[in-house]
Amino acid sequence: MPTDTIAAIATAPGRGGVGVVRVSGRALADLIAAIAGRGLLPRQATRVDFLDAAGHAIDSGLALYFPGPNSYTGEDVVEWQGHGGPVILQLLLARCLDLGARLAEPGEFTRRAFENGKLDLAQAEAVADLIDAATATAARSAVRSLQGEFSGEIHRLVGELTELRALTEATLDFPDEEIDFLQSADAFGRLDRLRQRLEAVFARAQQGKLLQSGASVVLVGQPNVGKSSLLNRLAGDELAIVTPIAGTTRDAVRSHLQLDGVPINIIDTAGLRETDDEVEQIGIERSWREIERADLALLLADAQHGLGAAEQAILDRLPPELPRLLIINKIDLAGLPAGRRNATEPPGTAAQDGGDSRRADLPFLAGARLFLSAKTGEGIDALRREILAIIGWNASEDIFIARERHLRALHDAASHIDLAHAQLPRLELFAEELRLAQQRLGSITGEVSADDLLGEIFGRFCIGK
Ligand code: GDP
Ligand code: ZN
């Protein structure tokens, strides 16, 4: 456990009304006395001058002192709230460093909170996910995880596993009664209920993962079919409240929007052209790597031309396993009705065709799923619903944010429970599978966690958190 004092500017870089320098350590009385020129009462805002080594004021602001263990990190914490200018904050930070603190690493405050038992690992991750939340829905679900809803579910599962393990161990000491155990303790029944519970938690976590990392959608189609128009339509008013992720704002290839609160990252392949510009080339290569991992490709075609060889050539360039949705745009020009059609049905037979006979006469539209107009907006809601269905979103109120790491652990735990089931009535092997299931669940909340995992998780935080 580290004992040194850490300090960092906790507010975002740049200028703002207020800026905060945060300090955490085992004993901060001397540092506080040096900067504030006096002691501070716990948990009270005190107006002070922040003094430099010569006793001159660097700034005048508020000091907040939280003696450990009742603080964010569990150690003594002091927050200096000054004016939000980069020079002032740097001077204030330098003063803390002069007084023996060292610069905090990214996420180090939260890592200390975890190590001092103030937060478990899933809650600590939720802190970062809350700060990074791309939509209001994602933020709400991160708060739910931060308040311990996800961890609570995990603890209940672990509790049931612990009980079942204890029963099994007790029976192993009395080998003659093994069959009794299986019946009286209802091992099969318990295991089945546990499995169902795990399934439900997995489904919720899967939704949370969608809110955490968003879905990635590739937009493809010939020039002028209406890709940019469709993007603008999909973004609608929502674009205004979606915060661009740092570093991608000048990237013309990517757009960020939200559908029903789910962050959607759209890559417009129109921008992925051959180029001699090295920087652009790097961006394009990165986009193609992203396409490999995308969740969905939207192929757009013009109703006046339909799907032809050019569209086929585009489809052939996409990763074969990437789900794709064939969309006919500009129905307003072709006089076609909007809506969704099942691609397996012969053209013109589906009810949603609206009985339009012309469509049946257009064989080149076979295979298209959605008919819409980016210009008039007709059919756009159906597209939104279709995208959400394909990426697996079921809007619900009780989602907690989750990460890929959690999904893997839940999945592994489920496999061990299935293996445990298959081992009955061999109790030693049964018990071992239960132990492994419990271990995987415990990794979510950090009951057992390797140092490199912690480094990976906290290293992605911003400095000062
Ligand atoms: P992109 O090259 O695929 O991005 O296509 P754009 O979005 O730039 O659209 C090309 C042209 O088609 C523009 O003049 C758009 O206004 C027009 N357009 C796009 N969608 C529609 C539509 O649904 N109906 C009509 N009538 N015109 C459209
Ligand atoms: Zn375009």
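Residues numbered from 1 in each chain as written. Chains lettered and ligands numbered in written order. Predicted model: local features only at pLDDT ≥ 70, side-chain atom pairs only at ≥ 80, totals over all residues. Heavy atoms only, no water.

Draft legend 1. A look at helix α6 (residues 149-172). Compared with the 34 Å implied by 1.5 Å per residue over 24 residues, the 35 Å span of α6 between its first and last C-alpha is a close match. Those residues of α6 that sit buried are Phe150, Ser151, Gly152, Glu153, Ile154, Leu157, Val158, Leu161, Leu164, Thr168 and Thr171. (Helix = DSSP H or I, 4+ residues; strand = E, 2+ residues; numbered from the N terminus. Expected span 1.5 Å × (residues − 1). Buried < 20%, exposed > 50% of the residue type's maximum accessible area, 1.4 Å probe, protein only.)

Draft legend 2. Main features of the side chain of serine 216. Mapped onto the elements, serine 216 comes out in strand β7 (residues 215-221). For serine 216, the contacting residues outside a window of four places in its chain are Asn265, Ile267, Ala294, Asp295 and Leu296. (Contact = heavy atoms within 4.5 Å.)

Draft legend 3. Focus on the UniProt feature "binding site: K(+)" (unreviewed entry) in the protein. UniProt records the feature "binding site: K(+)" (unreviewed entry) at Asn224, Thr243, Ile245 and Thr248, using the numbering of this structure. Lining residues of the largest pocket drawn from the annotated list: Ile245 and Thr248. (UniProt positions renumbered as here; feature names shortened; annotations may be inferred. 1 Å grid on protein atoms, 1.4 Å probe; cavity = no way out; pocket = protein on both sides within 12 Å on 5 of 7 lines; lining within 4 Å.)

Draft legend 4. Summary view of the environment of isoleucine 380. With respect to the helices and strands, the residue isoleucine 380 is situated in helix α14 (residues 380-391). As for isoleucine 380 and glycine 339, which are separated by 41 residues in sequence, their C-alpha atoms are 8.8 Å apart. Beyond its immediate stretch of four places on either side in the chain, isoleucine 380 contacts Leu230, Arg233, Leu234, Leu372, Ser373 and Ala374.

Draft legend 5. The arrangement of the layout of surface pockets in detail. Its volume calculated, the largest pocket comes out at about 1,500 Å³. Lining the largest pocket are 42 residues, and of these Lys209, Gln212, Ser213, Gly214 and Arg460 sit closest to its centre. When residues of the lining of the largest pocket are assigned to their parent elements, the largest contribution, 7 residues, is made by helix α8 (residues 187-213). Here the lining of the largest pocket is built from residues that sort into 17 nonpolar, 10 polar and 15 charged. (Points joined across faces, edges and corners; volume = space filled by probe spheres on them. Nonpolar A, V, L, I, M, F, W, Y, C, P; charged D, E, K, R; others polar.)

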